[in-house]
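Per-entry structural report
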Protein chains: 2
Amino acid sequence: MSDGMNYAPVATQQAAVCQPGEFVFGVTALDHGHIYGMTQNLKRAGATCKLVYDPDPKKLAYFLKQNPEARAASSLDEILDDTDISLVAAAAIPNLRAGLGIECMHRGKDYFTDKTPFTSLSQLDEAREAVAATGRKYACCYSERLQNEAAEHAAALVASGVIGQVIQLIGLGPHRLSAGSRPDWFFRKQEYGGIICDIGSHQMEQFLTYTGATDADVSMARVHNYAHPAHPELEDFGECSLVGNNGASGYFRMDWFTPDGLRNWGDGRTVILGTAGYIELRKYVDIGREPMSENNLYIVTNDGEEHLNVTGKVGFPFFGKFILDCLERTEHAMTQAHTFKAAELCLRAQVLADERN
Amino acid sequence: MSDGMNYAPVATQQAAVCQPGEFVFGVTALDHGHIYGMTQNLKRAGATCKLVYDPDPKKLAYFLKQNPEARAASSLDEILDDTDISLVAAAAIPNLRAGLGIECMHRGKDYFTDKTPFTSLSQLDEAREAVAATGRKYACCYSERLQNEAAEHAAALVASGVIGQVIQLIGLGPHRLSAGSRPDWFFRKQEYGGIICDIGSHQMEQFLTYTGATDADVSMARVHNYAHPAHPELEDFGECSLVGNNGASGYFRMDWFTPDGLRNWGDGRTVILGTAGYIELRKYVDIGREPMSENNLYIVTNDGEEHLNVTGKVGFPFFGKFILDCLERTEHAMTQAHTFKAAELCLRAQVLADERN
């Protein structure tokens, strides 16, 4: 049984896009285990991890064990003052991510946060202002696409036109709760932001990516706590529907109901419906089938049906492109507008769901 | 390439519940090919097909070839006047189904219609009145559950409690259009009723069955024609969300975008999420896997993952139970309230979607 909290997939196909020392980053706020995958994938793509800071010595020691080339900084300021460092990667408690990022940008650093990037629309507004004022990047590791090879391959297939015009996207994001090993903030809504804000941010990013919409209306949103009365602020279930500004629609379900018998932390699925075919991603497990394997892509077109397992074949192209974007001030990996719009949509859906309750 | 229009699955496991001649039915309105599966499954369960009437001699000849024991009646009246016959099975043009059924009931017959049972809420009201006035049954062959062994097995598993409390249902109902071989009425909305009214009726019935809700609010409904301008009244896409009166929710997508390369007419899926596990049905095809097989049920619980192919193992228990219900005036196969509520929900969702457009 894998709990997924420190789930850190690393692409096996990952060419470094720069020389050692050419792109240097610091790490702080080790509050969520996602930071380990973010760090490894930046390093695989050529980045150099120089400094790390966290007030918790245990977390710091764990990080340094995995990244022995890094050095413990005595404070966040030491990272922000270091002129070698151009990017700060962080996985803070969600409601603290915006404040940290805005500080980093005002100190001249690009910022790369674990998702969800914000817990309120006002934080998003402030970050938009800070990006405009500083010219720095507020990037987000929407890992359910950026750290899954099937998800990245699907983006390439969609772009090739093989399934025609994308008219709808369904995303299922079940996750294992493992309540006993979660930090307190995980159960406080003001800190984690709600299930659509949190897990739903992945779905919104995929919606924009696969459908090509640049904005959307939220047509339905619901959150609920069905089965966890001991954690009254936990939303163990969320769902929402969108209609994009290009007419494509999306439906997304997020939940904390992964059964203990599943081999992995969650049976994440994505179904991309086009006018000439469809793609289904079984991202982390293909249930009831041996061997366990991630990165399954099923495609049906007018020519037939096909199952592809793309493990080791696609890599995580985001990370190299992102490093080059930081070095060259381009936006090939992901535009700032896209990063912020995905965040905006999950926040708007969360607000709609909260109003309903 | 299978077009599904005459899709007539017949259960291999089907014990007759009565002796030949003990339960006699007539057939009329051969407008949709679904009538063949309905007829075969009634016969397998012990019913005797005595008379058939349709004004179209070609359809009549085709039916008689498949059911040589039946005799062509000279009119519908001949069926309705036949005192041996207690049930009329029919697959009329959808907007004519209610009128036909109400006439049958007032002539002392139970009625068994292809889905969708109605195309308007006023038809449903009239049928409710006719049932109350006559004591006859207005039954409906919601075939995507009643004629699929995986779907029936799922109902038994859910009832056993193995996945805990059902909190959500997702149903995907893609269908192959085969526009060239469809009758004209198929493309006239006033006659087919809209895609949620039509294909969505299956989904609503499954929602009531698997979640145990007895009513629901429609929280979102949309229909659209994305890619068939030659058929402006066709809705090639529909989706809706429900919240049941027990708190369980449902999301359903219906479409006419099955690619030609799929081996079967549609990759129908059902995902039943419970608090202690989930079930996924791949009802008609398990894409990208050989051999092609219907009736796939995947279940994940706290004990593990399992894939069951239940072809030939479950049968279609509805038909025998339904015959006994007709003979004994019971409601074990499906209650009248359930039949009508499923119809009401798809009609209410269609109205909501139509208002949006």
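Note that this is a predicted model, so its numbers are computed, not measured.

**Considerations on the domain arrangement of chain A**
For an interface, size is often stated in terms of accessible area lost upon the parts coming together. All names here are of chain A. The domain boundaries assigned to chain A delineate domain 1 (4-144 + 317-335) and domain 2 (145-314 + 347-356). Averaged C-alpha coordinates put domain 1 and domain 2 at centres separated by 23 Å. Facing 30 residues of domain 1, the contacting portion of domain 2 comprises 33 residues. A buried area of about 2800 Å², summed over both sides, lies between domain 1 and domain 2, and 59% of it is on carbon and sulfur atoms. At the boundary of domain 1 with domain 2, the tally comes to one salt bridge. Linking Lys 115 and Asp 198 is a salt bridge whose minimum nitrogen-to-oxygen distance equals 2.6 Å. The interface formed by domain 1 and domain 2 holds 12 residue pairs in polar contact (both at pLDDT 80 or more) in total.

**Quick notes on the nonpolar core**
Most often, soluble globular proteins keep nonpolar side chains buried together rather than apart. Ranked by internal contacts, the top residues of the largest apolar core, which has 104 residues, are Leu 42, Phe 112, Ile 196 and Ile 279 of chain A. Among the elements that line this core, the one with the most residues is helix H12 (residues 336-356) of chain A, at eight residues. No fewer than three residues from each of domain 1 (4-144 + 317-335) and domain 2 (145-314 + 347-356) of chain A sit in this core. Residue contacts for Phe 112 of chain A: discarding those within four places in its chain leaves Met 38, Leu 42, Leu 87, Val 88, Ala 89, Ala 90, Ala 139, Cys 140, Cys 141, Phe 318, Phe 319 and Phe 322 of chain A. Formed by 103 residues, the second largest nonpolar core is a distinct cluster that contains Ile 199, Phe 252, Val 310 and Ile 323 of chain B.

**A look at helix H10 (residues 200-211) of chain A**
Residues and elements named next belong to chain A. Taking 1.5 Å as the rise per residue, H10 with 12 residues should run 16 Å; its terminal C-alpha atoms sit 16 Å apart, in good agreement. In terms of burial, H10 is largely enclosed, as 11 of its 12 residues are buried. Turning to H10, its buried residues number three or more, namely Gly 200, Ser 201, His 202, Gln 203, Met 204, Glu 205, Gln 206, Phe 207, Leu 208, Tyr 210 and Thr 211.

**A closer look at helix H5 (residues 121-134) of chain B**
Residues and elements named next belong to chain B. Between the first and last C-alpha of H5 there are 20 Å, a value that for 14 residues agrees with the 20 Å anticipated at 1.5 Å per step. Every buried residue belonging to H5 is among Gln 123, Leu 124, Ala 127, Ala 130 and Val 131, and all of these are buried. Looking straight down H5, one finds that the buried residues subtend no more than 120° of arc, so they occupy a single side. Opposite its buried face, H5 presents the exposed residues Glu 129, Ala 132 and Ala 133, each directed more than 90 degrees away. Residues of H5 that are buried sit in contact with helix H4 (94-106), strand S6 (138-141) and helix H12 (336-356). Directly beyond the C-terminal end of H5, a positive phi value near 75° is found at Gly 135.

**Focus: the pattern of salt bridges**
Applying the stated rule across the entire model yields 62 salt bridges over all chains. With a closest N to O distance of 3.0 Å, Arg 107 of chain B and Asp 81 of chain B form a salt bridge. You can see Arg 107 of chain B sitting in the loop between H4 and strand S5 (110-114) and its partner Asp 81 of chain B sitting in helix H3 (residues 76-81), a full 26 residues away along the chain. Where salt bridges share partners, they join Asp 267, Arg 269, Glu 280, Arg 282, Asp 286 and Arg 289 of chain A together with Asp 267, Arg 269, Glu 280, Arg 282, Asp 286 and Arg 289 of chain B into one cluster.

**What about the pairing of strand S10 (residues 249-255) of chain A?**
Residues and elements named next belong to chain A. Buried residues dominate S10, accounting for seven of its seven residues. Neither face of S10 is left uncovered, since the one carrying Ser 249, Tyr 251, Arg 253 and Asp 255 and the one carrying Gly 250, Phe 252 and Met 254 both have all their residues buried. Pairing analysis gives seven bridges linking strand S9 (residues 237-244) to S10, with the strands arranged antiparallel. In the sheet register, Glu 239 faces S10, and the bridge partner there is Arg 253. A loop of four residues connects S9 with S10, the two strands running antiparallel in sequence, and Gly 247 in this loop sits at a positive phi of about 90°.

**Describing the pairing of strand S13 (residues 296-301) of chain A**
Residues and elements named next belong to chain A. Across the six residues of S13, six count as buried, placing the element largely inside the fold. Going residue by residue along S13, you find Asn 296, Tyr 298 and Val 300 tucked away on one face and Leu 297, Ile 299 and Thr 301 tucked away on the opposite face as well. Where strand S12 (residues 277-282) lies against S13, six bridges are found, and the strand directions are antiparallel. Each bridged residue has a counterpart across the sheet, and for Glu 280 the counterpart in S13 is Tyr 298.

**A look at the relation of the copies chain B and chain A**
In screw terms, the move from chain B to chain A is a rotation of 180° and a rise of 0.0 Å along the axis, fitting with an RMSD of 0.0 Å. Interpreted geometrically, this transformation is the action of a two-fold axis. Nearest to the rotation axis, the C-alpha of Met 220 of chain B is located 3.1 Å from it, this being the minimum over chain B. The share of interface residues of chain B whose copies in chain A are also at the interface is 100%, consistent with both copies meeting through the same surface.

**Concerning the sheet that holds strand S5 (residues 110-114) of chain A**
Residues and elements named next belong to chain A. Spatial strand order, S3-S2-S1-S4-S5-S6: six strands in an open sheet with parallel pairing. At either end of the open sheet lies a strand with only one pairing partner, and these are strand S3 (71-72) and strand S6 (138-141). Looking at chain direction, strand S2 (residues 48-53) and S3 are connected through two bridges and run parallel. Among the inter-strand pairings, Val 52 is bridged to a residue of S3, identified as Ala 72. Docked against the sheet, helix H2 (residues 57-66) engages strand S1 (24-28), S2 and S3, running at close to 165° with respect to S2. Its contacts with the sheet put helix H11 (residues 317-328) on strand S4 (85-90), S5 and S6, and the angle it makes with S5 is roughly 155°.

**Describing the packing of aromatic side chains**
Enumeration according to the criterion identifies 37 aromatic pairs over all chains in this entry. When the centroid spacing of 6.2 Å and the interplanar angle of 80° are considered together, the rings of Phe 112 of chain A and Phe 319 of chain A count as edge-to-face. Taken together, the residues Phe 112 of chain A in strand S5 and Phe 319 of chain A in helix H11 connect sequence positions 207 residues apart. Here Phe 112 of chain A and Phe 319 of chain A have matching classes, each one buried. Here the aromatic rings of Phe 186 of chain B and Phe 187 of chain B are separated by 5.1 Å at their centres, their planes lie at 75°, and the arrangement is edge-to-face. Chaining the aromatic ring pairs together yields one cluster made of Phe 112, Phe 316, Phe 318, Phe 319 and Phe 322 of chain A. Sitting over the face of the ring of Tyr 298 of chain A, Arg 282 of chain A holds its NZ or CZ atom 3.9 Å from the ring centroid.

Conventions adopted
Residues numbered from 1 in each chain as written. Chains lettered and ligands numbered in written order. Predicted model: local features only at pLDDT ≥ 70, side-chain atom pairs only at ≥ 80, totals over all residues. Heavy atoms only, no water. Domains from an automatic or database assignment. Contact = heavy atoms within 4.5 Å. Buried area = accessible area lost by both parts, 1.4 Å probe. Salt bridge = Lys/Arg side-chain N within 4 Å of Asp/Glu carboxyl O. Polar contact = N/O pair within 3.5 Å; in protein donor to acceptor, adjacent residues only side chain to side chain. Core = buried A, V, L, I, M, F, W, Y, C linked by side-chain atoms within 4.5 Å. Buried < 20%, exposed > 50% of the residue type's maximum accessible area, 1.4 Å probe, protein only. Helix = DSSP H or I, 4+ residues; strand = E, 2+ residues; numbered from the N terminus. Expected span 1.5 Å × (residues − 1). Arc of directions from axis to C-beta. Pairing = 2+ DSSP bridges. Least-squares fit on C-alpha atoms with pLDDT ≥ 70 in both. Axes fitted to C-alpha atoms, helices over the stretch in contact; angles between N-to-C directions. Phe/Tyr/Trp six-rings, centres within 6.5 Å; stacked < 30°, edge-to-face > 60°. Lys NZ or Arg CZ within 6 Å of the ring centre and 35° of its normal.

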